[in-house]
Amino acid sequence: MCSLEKNGNIFILTLTGDDEHRLHPTLIESIQTALKQVRKEAKPGSVLITTAQGKFFSNGEDLKYAAAAGSATGTYDRIREMSDSFKFVVADLLSLPMPTVAAVSGHAAAAGFILALSHDYVLMRKDKGILYMSELNIGLTLSDYFMALLKSKIPSSSVRRHVLLQCVKIKADKAVEMGIIDFAYDTAEESQEAALKLAVKLGFNKWNGGVV
């Protein structure tokens, strides 16, 4: 599940619990509901921070839930349904009338990686956690909107090749060097503190949300 708090003009969306934050239909719906509230309450100077509890930011779509359908067709249908639903989360994040910051608190794999990249700024802890596009290793094709976002957020074709065709597990320092994320900090606490400072700075000018 997730929680939504508001501190002045700053919204903080947290994936709660000490699990992998797999993007099960229930979690996807919970995130969508939170983002609808953020959009409804948005005003000039608003900023969204997204983070997570535990060692995972998000380990991607819930493939155990998909496999529990009991057949290849059922599994495929569940994966497609999760991907179709998650597309609206990505679209909501990209179109929110405010700056957005992801404080990546741990592993962000596959759709979890995409969730992080759907924000305007990405901060990450150095001590634990990786970025990882696992699709090739597990035999899944990438959704068109995954590829569109990856091309936009990782403009270097050589870096994208490294991420997608070698399935490398990238730590925070290397991700900054590769131009995938913006900043890396020693711990989750430091990354979250930095995210708050950045949010305050971004909200200071009270930009028009429609323009943002």
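All residue numbers refer to positions counted from 1 along the written sequence of the respective chain. Where totals are concerned, whole chains, interfaces and linings use all residues; where local detail is concerned, this predicted model gives features only for residues with pLDDT of at least 70, and gives and counts side-chain atom pairs only at 80 or more. Excluded from the side-chain calculation are hydrogens and water; included are all heavy atoms of the structure.

What follows is about the pattern of salt bridges. Here a salt bridge means any side-chain nitrogen of Lys or Arg lying within 4 Å of a carboxyl oxygen belonging to Asp or Glu. Taken as a whole, this structure holds seven salt bridges when the rule is applied. Ionic pairing is found between Lys 6 and Glu 41, a salt bridge with its closest N-O pair at 4.0 Å. Pair noted here: Lys 6 is in strand β1 (residues 2-7) and Glu 41 is in helix α1 (residues 25-41), with a separation of 35 residues, a long-range link. Note that Asp 127 and Arg 125 form a salt bridge whose closest N and O atoms lie 2.7 Å from each other. Look at the salt bridges and you will find they share partners, linking Lys 126, Asp 173 and Asp 186 into a network. Secondary structure elements are defined from DSSP: runs of H or I of at least 4 residues count as helices, runs of E of at least 2 residues count as strands, and each element is numbered from the N terminus.

Let us now look at the packing of aromatic side chains. A pair of aromatic rings is counted whenever rings of Phe, Tyr or Trp (Trp by its six-membered ring) have centres within 6.5 Å, and the orientation is called stacked for planes under 30 degrees apart, edge-to-face for over 60 and tilted otherwise. One pass over the structure, following the stated rule, counts two aromatic pairs. When the ring of Phe 86 is compared with that of Phe 146, the centres are 6.3 Å apart and the planes differ by 75°; the resulting orientation is edge-to-face. With Phe 86 in helix α3 (residues 72-95) and Phe 146 in helix α6 (residues 144-153), the pair connects residues that are 60 residues apart, well separated along the chain. For the pair shown, Phe 86 and Phe 146 are each scored as buried. Between Tyr 145 and Phe 146, the ring centres sit 5.0 Å apart and the planes meet at 85°, which makes this aromatic pair edge-to-face. Residue burial is assigned from relative accessible area. The probe radius is 1.4 Å, only protein chains are included, and a residue is buried under 20% of its type maximum, exposed over 50%, and partly exposed in between. Look at Tyr 145 and you get buried, because its relative accessible area is 14%. Look at Phe 146 and you get buried, because its relative accessible area is 3%. Of the aromatic side chains, those joined through ring pairs into one cluster are Phe 86, Tyr 145 and Phe 146. A cation over a ring is seen here: Lys 169 above Tyr 132, with NZ or CZ 5.0 Å from the ring centre. Two conditions define a charge sitting above a ring: the NZ of Lys or the CZ of Arg must be within 6 Å of the ring centre, and it must be within 35 degrees of the ring normal.

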